[in-house]
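Residues per chain, in single letters:
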Amino acid sequence: MRAWRVTRPGPIATGPLEPRAEPVPEPGPGELLLRVLVCGVCRTDLHVAEGDLPVHRPGVTPGHEVVGEVVALGADIPPGFAAGDRVGIAWLRGTCGHCRYCVRGAENLCPSSRYTGWDADGGYAGFATVPAAYAHPLPGGYADAELAPLLCAGIIGYRALRRAEPPEGGVLGIYGFGASAHLAAQVAMAEGLRVHVMTRSARARALAADLGAASVQGAADPPPEPLDAAVLFAPAGELVPPALAALDRGGVLSVAGIHLTDVPALNYQRHLFQERELRSVTANTREDARRFLEFAGRHRLRVTTTPYPLAAADRALEDLAADRVNGAAVLVA
């Protein structure tokens, strides 16, 4: 099979990904083997390729938004899976199940957590394995290319929105408008929130307006009214101060990314006083995934994608880094 591997992490222009001919992997005990149909291209893949995230598995195959068809089952698979099933692979791949975080329902904070496309090979390949306990049933009514971004961009956006705790009927600000943001905005609007979008890309601003945002402006511009909550999707620490300054009293800013450039100095009175809060988001739980995918099954989300063939995975990441992707990039096998 064809598979891409991160052989020398560094700036995407230096070619950190290399295509390889690899044997099809064998599913281990408790694992499913999937034929990859579509794999989404996530900004986290870019962070893995460029070395923003430390190397966990040398030469890893990226990709953790995988829609695939089950072609083989390892030993000890729980009931409910069969060859021919269409299932999804997401970022979270494994947890210990018995630490204090797992026991209290915060498995995303498990110190032993493992991740697809970082600790184990992912979906930039013809085939991929996944522990059955972390494989996700998929909602109907979507094409494979539309489903792929739901498996990370959608799930993480959903968790980031929950972490921001917008009040019922409130005002939400979204900073950056890529794959995750354009899905989270639709969830927010379906829940009755008024959404203002701040982003630098003209194409992203056009998409936000088309999806129904109440206003659209530049990345660091002030929104037209105070925000009850905000989510920062852009991996740009310099946007934290203007986002905090835009919050109303008691507002929460949730930072959705796994990587963020340095945050400038904050002024306590301007950015944090009046019980404004700054929160991070760390991965997701399987419960987050279940709730979001069920939501997507009840509410038909508009998923904007830019398709690339698997052979052009390196170009897809280059385009993502240069903000040339509208919505979500996906690799079609």
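Nothing here was measured: the structure is a model prediction, and the numbers come from that model.

Peer 1: Describe the overall build of the chain, naming the residues involved and giving the relevant values.
Peer 2: Within the chain one finds nine helices and 17 strands. Relative to the compact-globule value of 20 Å for 333 residues, the chain shows a C-alpha radius of gyration of 19 Å, a close match. Seen along its three principal axes, the alpha-carbon backbone of the chain occupies a region of about 55 × 45 × 35 Å. When burial is assessed residue by residue, the chain has 56% of its 333 residues classed as buried. Counting only contacts in the chain whose residues sit at least 6 apart along the sequence, the fraction spanning at least 24 positions is 70%. Approximately 13,500 Å² of the chain is accessible, and the part contributed by carbon and sulfur atoms is 51%. With 31 positive and 35 negative side-chain charges, the chain shows a separation of 1 Å between the mean positions of the two kinds.

Peer 1: Residues and numbers for the packing of helix α1 (residues 43–50) against helix α9 (residues 313–321), please.
Peer 2: As a packed pair, α1 and α9 sit with axes 10 Å apart at the nearest point and diverge in direction by 105°. The orientation of α1 relative to α9 falls into the category roughly perpendicular. For the pair α1 and α9, contact is made by Arg 43, Asp 45, Leu 46 and Ala 49 and by Leu 317, Leu 320 and Ala 321, respectively. Its residues assigned to classes, the contact of α1 with α9 comprises five nonpolar, no polar and two charged.

Peer 1: Lay out the pairing of strand β11 (residues 194–198) with the relevant residues and their values.
Peer 2: Burial within β11 is extensive, with four of its five residues counted as buried. Bridge analysis of strand β10 (residues 171–175) against β11 gives five bridges, and the strand direction is parallel. Residue pairing for β11: Val 171 is matched across the bridge by Arg 194. Remark: the β10/helix α4 (residues 179–190)/β11 crossover connection has right-handed handedness. Relative to strand β12 (residues 215–217), β11 runs parallel, the two being bridged by three bridges. Within the sheet, the bridge partner assigned to His 196 lies in β12 and is Ser 215.

Peer 1: With reference to specific residues and values, describe a nonpolar patch on the surface.
Peer 2: A cluster of nonpolar side chains, namely Val 263, Leu 266 and Leu 278, defines an oily patch on the protein surface of about 210 Å² accessible area. Positionally, Leu 266 belongs in the loop between β14 (247–255) and α7 (268–272). Under the relative-accessibility criterion, Leu 266 is labelled partly exposed at 33%.

Peer 1: Tell me about the side chain of Arg 279, and please be specific about residues and values.
Peer 2: As for its position among the elements, Arg 279 is in strand β15 (residues 277–280). Residue Arg 279 is classed as buried on the basis of its relative accessible area of 17%. Of the polar contacts made by the side chain of Arg 279, one reaches the side chain of Glu 277; its length is 3.0 Å. Excluding its chain neighbours within four sequence positions, the residues that come into contact with Arg 279 are Arg 163, Glu 165, Val 252, Leu 253, Ser 254 and Val 255.

Peer 1: Please give an account of the sheet that holds β12 that cites residues and values.
Peer 2: With parallel pairing, the six strands of this open sheet are ordered in space as β12-β11-β10-β13-β14-β15. Bordering the open sheet on either side are β12 and β15, each of which pairs with just one other strand. Each strand of the sheet is rotated relative to its neighbour by a mean of 20°, with strand direction disregarded. The sheet contact formed by β14 and β15 spans four bridges and is parallel. Its bridge partner being in β15, Leu 253 is matched across the sheet by Leu 278.

Definitions and cut-offs
Residues numbered from 1 in each chain as written. Predicted model: local features only at pLDDT ≥ 70, side-chain atom pairs only at ≥ 80, totals over all residues. Heavy atoms only, no water. Helix = DSSP H or I, 4+ residues; strand = E, 2+ residues; numbered from the N terminus. Rg over C-alpha atoms; globule rule 2.2 N^0.38 Å. Buried < 20%, exposed > 50% of the residue type's maximum accessible area, 1.4 Å probe, protein only. Contact = heavy atoms within 4.5 Å. Areas by Shrake-Rupley, 256 points an atom, 1.4 Å probe, with all protein chains shown as cover. Lys, Arg positive; Asp, Glu negative; His and termini not counted. Charge placed at Lys NZ, Arg CZ, Asp CG, Glu CD. Axes fitted to C-alpha atoms, helices over the stretch in contact; angles between N-to-C directions. Parallel < 35°, antiparallel > 145°, perpendicular 65-115°, else oblique. Nonpolar A, V, L, I, M, F, W, Y, C, P; charged D, E, K, R; others polar. Pairing = 2+ DSSP bridges. Right-handed = clockwise from strand over helix to strand, strands pointing away. Patch = residues over 30% accessible without salt bridge, like charges linked within 9 Å, V, L, I, M, F, W, Y side chains within 5 Å. Salt bridge = Lys/Arg side-chain N within 4 Å of Asp/Glu carboxyl O. Polar contact = N/O pair within 3.5 Å; in protein donor to acceptor, adjacent residues only side chain to side chain.

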